[in-house]
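Observations on the three-dimensional arrangement
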Amino acid sequence: MSEIPAKSTESEDPSEGARARAADGLASAVGGALAADGVPQGDAMWQSSPPGSIYDYIKVASFSIGPDGLVEQWSLRAEYLFGIPADRAVGMDPIEAFIDPRHRERGMRKMAEILDGREWTGVVPFRMPRGVEGECGHEGLAEVYVMPTRTEEGDKAAVCIVVDVRTLRSIETDLAASQAIFSQSPFGFLLIDPDLRVRRVNQRFASIFGGAPDDHRGKGVHDYLQRGEADRVAATLRRVLETGSSITDMHVTGFVPGSDERRHWSVNLYRVHSGSGRPIGIAWLGIDITARRAAAREAAAARRNLALLNEAGARIGNSLDLETTARQLLDVVVPGFCDLATVDLYQGLLAGDETPPGLADGSAELRRVAFASAVSDAPFAGTGVPVAVGAVHHYPFNSPCADALRTARPQNVPGEDGGLVQSTLAVPMVAHDTVVGLVQFARTKGSEPFGDRDRDLAVELAARAAVCIDNARLYRREHERALILQRSLLPPGDPEASGLDIACRYLPGSVNTGRPSEVGGDWFDVIELPGHRTALVVGDVMGRGLRAAVAMGELRTAVRTLAQLDLEPAEVLSQLDEIARGLGAPGGVQQATRAARRPREADLSEVYLATCVYAVYDSVTRRCTFANAGHLPPVLVEPGEAALMLDVPPGMPLGVGGEPFEEVEVELPEGALLALYTDGLVESRDHPLDEGLQAFVSALADPTQPLEDVCDHVLNTLDTHHGEDDIALLMARVQGLPTDSVGDWTLPREPRSVGRAREYARAQLLAWDMEPLVDTTELLVSELVTNALRYGEGEIRLRLLLDRTLVCEVWDSGLVQPRRRRARDTDEGGRGLQLVGLLSAAWGSRRTPRGKTVWFELPLPGGETRLTDPAEALLSLF
C-alpha cells in the first residue's frame with residue numbers, strides 16, 4: 001500500500017469535486033427540497049427523513065481515537081462500512097487492524113503526528129481485519145479526515161471521518177451516465193413527482209410540445225392531453241406509483257401545439273426510488289408511433305389481401321366443374337372483400353365450345369352461374385335488372401359490363417340513388433388472353449368504397465378463378481376425347497364365347513366428384529381362339545389421361561395379335577412385356593432392350609407399366625390356364641361354395657422385364673362363375689385394398705342369378721361411385737361343351753386312315769343333322785389327314801366340335817407347322833392348304849405340348865355366312 005500524499009489543511013484528491021457534483025445532482029433529482037439558492041424550503045428544513053439525502057448514496061462513517069492511539073468510540077455507520085461491531089472495534093489499534101503490515105511503520109508515524117494535534121486529510125487503502133475464523137477481509141480505499149480533539153482530562157485525541165472513495169467514484173459515473181441518457185435520448189423523457197407534476201423533461205420532449213425544458217416543470221397530464229385521455233393516463237400513473245408495476249407500450253393519443261393531426265405515442269412507465277428505496281416519482285419514456293401506426297394499418301390491409309389471395313389459392317380450383325369453381329370464388333370474397341357478388345360465364349363456354357364465343361362488342365350471351373350476398377339474400381341489381389342464377393342474358397353495348405368484357409379491363413360502376421349498392425367493380429375473367437366471363441363485386445352503402453388496392457385485388461382474384469375455369473374447360477374437353485378413344489378400343493356390344501356366358505362392365509373415372517379425375521388405362525377383352533377356346537383378358541395401364549388410353553389401345557391390339565398366334569398364356573405375357581418396354585423407347589422393342597442393358601437412369605415419364613391377367617378357357621375340357629403380370633387375382637365361385645381368390649402367381653408388371661411368368665391350370669366345374677376386374681372396383685382413397693377385396697368376395701355370395709344381375713349387384717354393393725379410377729369388370733359363367741357335341745378319334749399312321757377319317761366325319765355329321773356340311777368336311781378332313789401322314793409324325797387324332805360353328809382338328813406329333821404356298825400351273829400338288837383356305841371360314845395351326853394341331857372352321861347351315869361351293873373352289877385353283 002502506498003499512501004496518497006496529503007496536506008494538513010486541504011485535500012489534493014480530485015474526487016472532492018465529484019462528491020460536490022454528486023451532492024448537487026442527487027439533491028436536484030430526488031425532489032428539489034432545496035431552492036435554487038440552496039436554502040431549504042418550508043417544512044423540508046425540519047423533516048426527520050427528507051425525501052432523498054446524499055447520505056443515502058455514499059458510505060460515510062466516524063470514529064474517535066483516544067490519547068493512546070486506540071479506538072475509543074465506534075459509530076453505527078462505521079459498523080456498516082467496515083462490518084465490525086462496536087464491542088469488538090473499541091480498543092483496537094486502527095493501524096494494526098486496518099493497515100497492511102508493510103505500511104504500518106509509516107502509519108505509526110502519521111498517527112503520532114495526529115495525536116500531536118495536527119489535522120490531516122488523505123486517501124488511505126485499508127484492509128478489513130481478520131474475522132473470527134481467521135480469514136482476511138476485503139480491501140478498500142477510504143478518504144480520511146482527521147480532526148484533533150482533547151479529552152476532559154486535557155489529553156490529545158482525534159475524531160476521524162471516513163468516506164468510501166470507490167462509492168463516490170461509482171456515483172460520479174452513474175450521474176454522468178444518467179445525465180447523458182436523459183439529455184441525449186431521442187425519446188421524450190419525463191420525471192413526474194408523487195403529486196403527478198412534471199419535475200423534469202429532456203430537450204426532445206420540449207422540442208415537440210414547445211418551450212424550454214424548464215417551462216414544463218410543474219405541469220400535469222391534463223395540460224398536454226384531452227380530458228378523457230388525460231384521466232386514463234393519470235389513473236395509470238397513480239397505479240404505477242402505488243403498486244410499483246411497470247407499464248410497457250401504453251398507447252397514448254393526443255395533439256401537439258400548432259397541429260390538428262392526431263398523434264400516437266408509445267409510453268413506458270416505471271416507478272423511481274431513492275437510494276434508501278423510497279418511491280420518489282415516475283419515469284416517463286415516450287416515442288412517437290404515428291408513422292408506425294399508419295404503416296401498420298397499411299401492412300394490415302396488405303396482410304388481409306394476402307390472406308384473401310392465399311385462401312383463394314387454397315379453395316378455388318379444387319373442382320374441375322365450371323359452376324363449382326365460380327361458387328368457390330364467391331365463397332372467398334363474400335363477406336371478406338365485398339357484400340354482394342355474381343359470376344357470369346359465356347354460354348358457349350358452358351356448352352363445350354372450343355373457344356368462348358366472346359363477341360368483339362362484349363354483348364354475347366352469358367349465363368349467371370353463381371351469386372352470393374351477405375345482406376339478407378338481397379338481390380343484386382347494381383348494374384341493371386336483377387338476373388336469376390341459371391338465366392341466360394347479355395349486357396347492352398354501352399353498359400360498363402359490356403365495356404369491361406370488350407376491353408378486358410375492370411370498370412367501376414357507381415350505385416344508383418336510393419339503392420342498396422354503393423359501388424360495383426365489374427372485372428372481366430381473363431385466362432390466357434381470353435375473356436371467359438365477368439365477375440361483379442359490390443359493396444353496400446356504409447361500407448368503405450373500392451380503392452386502387454381493392455381494384456388490383458379484384459383483378460387478381462378474377463384472374464385466378466378464370467384460369468381455374470379455363471383449366472376445367474380444357475380438362476372436360478380432354479376427358480371427353482380420351483373417353484371416346486378408350487370406349488372405341490373396348491369390345492363393342494356384348495361379347496360372345498363358346499362354352500361361356502359373358503357379362504362385362506366398364507365405368508370411367510367421373511369428373512362430377514369434385515376431384516381431379518382423368519380417363520384411365522383399364523381394359524378388358526374376350527378373344528375367340530381355335531378349338532372353341534376363349535381368351536379372357538383384363539388389364540390396367542398405370543397412369544391417367546390420353547397417354548394411358550393410347551398405351552392401353554396399343555397393348556390391347558398386341559394382345560389380340562398374340563392371341564391369334566395361339567401362344568401359351570405365359571408366352572403372351574412375355575411378348576407383351578417386351579412390347580410395353582418398347583412403348584417408351586423411340587426405337588421400339590429392340591432399342592428398349594439394348595438400352596435396358598446399359599447402366600443409366602430411366603426417364604420415368606417415358607416408362608409404360610401395366611398389369612394384366614390372361615386366361616385361356618377350353619370349353620371341351622372346361623380347363624382354364626391363367627398367367628398374371630402383377631394384376632389382382634381372379635375370383636372363382638363354384639356352385640354351392642363360397643367365393644375364393646385363385647392363387648395365381650402375380651409376376652412382375654408389364655414393362656419391368658427380366659422375370660418369366662408362371663401358368664396355373666384350373667378345372668372349372670359346370671356353372672362356376674369366374675370374375676376378372678381392375679383395382680378401381682376394390683380400392684379407393686377411403687377404402688384400402690384388403691377391405692375392397694373382402695367386400696367383393698362377399699358380394700358374390702349368390703352367383704346363381706343371371707349374370708347381368710350379378711354384375712349390377714356387385715357395382716351397387718361396392719363403393720364404385722368414388723370416381724377416382726376407372727372400373728373394368730369381366731364375369732363369365734362356365735357352360736362346357738356337351739359330350740355329344742364332341743367327336744374324337746385316334747387313327748393309326750397308315751394310308752387307309754384317310755378313308756376312315758372321312759367315314760368318321762360323315763357319320764358324326766349325319767348324327768348331328770349337318771348333312772349340308774358332309775361333302776365339304778369330308779374333302780377338308782381328307783386333305784388334313786393326308787398332310788399329317790406325309791409331313792407329320794406319330795399317331796393321328798381327329799376331333800370334331802359342334803357349337804356355334806363346326807370345328808375340325810387334326811393332331812399329330814410333328815413340330816413342323818404347315819405353310820401355305822401358291823402352286824404353279826404346272827405343279828401336280830401343293831394345292832391342299834389352298835383348298836382348305838377357300839372352303840373354310842377360317843383355318844390355322846398351333847403348337848401343342850406334344851406336337852401340333854391343324855384346324856379349320858365351317859359355319860353352320862342357316863347362318864349368316866354362306867357355305868362355299870366345293871366345285872367353284874376347285875375350279876378357282878386352276
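These numbers come from a predicted model, not from an experiment.

One pass over the structure, following the stated rule, counts 34 salt bridges. The residue Arg453 makes a salt bridge to Glu298 at a minimum N-O spacing of 2.7 Å. Of this pair, Arg453 sits in helix H13 (residues 452-489) while Glu298 sits in helix H9 (residues 290-315), placing them 155 residues apart in sequence. Residue Asp525 pairs with Arg560 through a salt bridge whose shortest N-O separation is 2.7 Å. With Asp525 in strand S18 (residues 520-529) and Arg560 in helix H14 (residues 546-564), the pair connects residues that are 35 residues apart, well separated along the chain. With a relative accessible area of 1%, Asp525 lands in the buried category. Through salt bridges with shared partners, a single network forms among Arg533, Asp566, Arg799, Glu809 and Arg846.

With that out of the way, let us pick up the layout of surface pockets. The volume enclosed by the second largest pocket comes to roughly 840 Å³. Taken together, 31 residues make up the lining of the second largest pocket; nearest its centre are Asp618, Trp811, Arg846, Thr848 and Pro849. Looking at the lining of the second largest pocket, the elements with two or more residues in it are strand S20 (610-618), strand S21 (623-629), strand S24 (663-667), strand S27 (742-747), strand S28 (796-802), strand S29 (805-812), strand S30 (842-848) and strand S31 (851-859). A per-class count over the lining of the second largest pocket returns 9 nonpolar, 6 polar and 16 charged.

The residue Leu191 is located in strand S6 (residues 188-192) in this model. Sequence separation between Leu191 and Val272 is 81 residues; the distance between their C-alpha atoms is 8.7 Å. In this view, Leu191 contacts Phe182, Arg197, Val198, Arg199, Arg200, Val272, Ile282 and Ala283; residues no more than four positions away in its chain are not counted.

Let us look at H9. Here H9 contains 26 residues, and its C-alpha end-to-end distance of 37 Å stays within 8% of the 38 Å for a straight helix at 1.5 Å per residue. Directly beyond the C-terminal end of H9, a positive phi value near 95 degrees is found at Gly317.

Okay, the nonpolar core next. Leu329, Val333, Phe337, Val343, Leu345, Met429 and Phe441 are the most contacted members of the largest nonpolar core, which totals 49 residues. The greatest single-element share of this core, amounting to 9 residues, is contributed by H13. When residues no more than four places from it in sequence are discounted, the contact partners of Leu329 are Ile316, Val343, Met429, Val439, Leu461 and Ala465. Ranked by size, the runner-up nonpolar core spans 29 residues in total, among them Ala761, Leu780, Val781 and Ala788.

Of all residues in the protein chain, 82% have pLDDT values of 70 or greater, and the mean over the chain is 81. With pLDDT under 50 throughout, residues 1-51 is counted as low confidence; its partners more than four residues away or in other chains account for 64 contacts. Contacts from residues 511-517, a stretch scored under 50 in pLDDT, to residues over four places away or in other chains number 22 contacts.

All right, on to the environment of Glu759 then. Along the chain, the position of Glu759 falls in helix H19 (residues 753-767). Separated by 19 residues in sequence, Glu759 and Glu778 have C-alpha atoms that sit 8.0 Å apart.

Strand order in the open sheet formed by 5 strands is S2-S1-S5-S4-S3, with antiparallel pairing between adjacent strands. Strands with a single pairing partner mark the edges of an open sheet, and in this sheet they are strand S2 (71-74) and strand S3 (120-127). If you compare each strand with its neighbour and ignore which way they point, the axes differ by 30 degrees on average.

Parameters and conventions
Residues numbered from 1 in each chain as written. Predicted model: local features only at pLDDT ≥ 70, side-chain atom pairs only at ≥ 80, totals over all residues. Heavy atoms only, no water. Salt bridge = Lys/Arg side-chain N within 4 Å of Asp/Glu carboxyl O. Helix = DSSP H or I, 4+ residues; strand = E, 2+ residues; numbered from the N terminus. Buried < 20%, exposed > 50% of the residue type's maximum accessible area, 1.4 Å probe, protein only. 1 Å grid on protein atoms, 1.4 Å probe; cavity = no way out; pocket = protein on both sides within 12 Å on 5 of 7 lines; lining within 4 Å. Points joined across faces, edges and corners; volume = space filled by probe spheres on them. Nonpolar A, V, L, I, M, F, W, Y, C, P; charged D, E, K, R; others polar. Contact = heavy atoms within 4.5 Å. Expected span 1.5 Å × (residues − 1). Core = buried A, V, L, I, M, F, W, Y, C linked by side-chain atoms within 4.5 Å. pLDDT = per-residue confidence, 0-100. Pairing = 2+ DSSP bridges. Axes fitted to C-alpha atoms, helices over the stretch in contact; angles between N-to-C directions.

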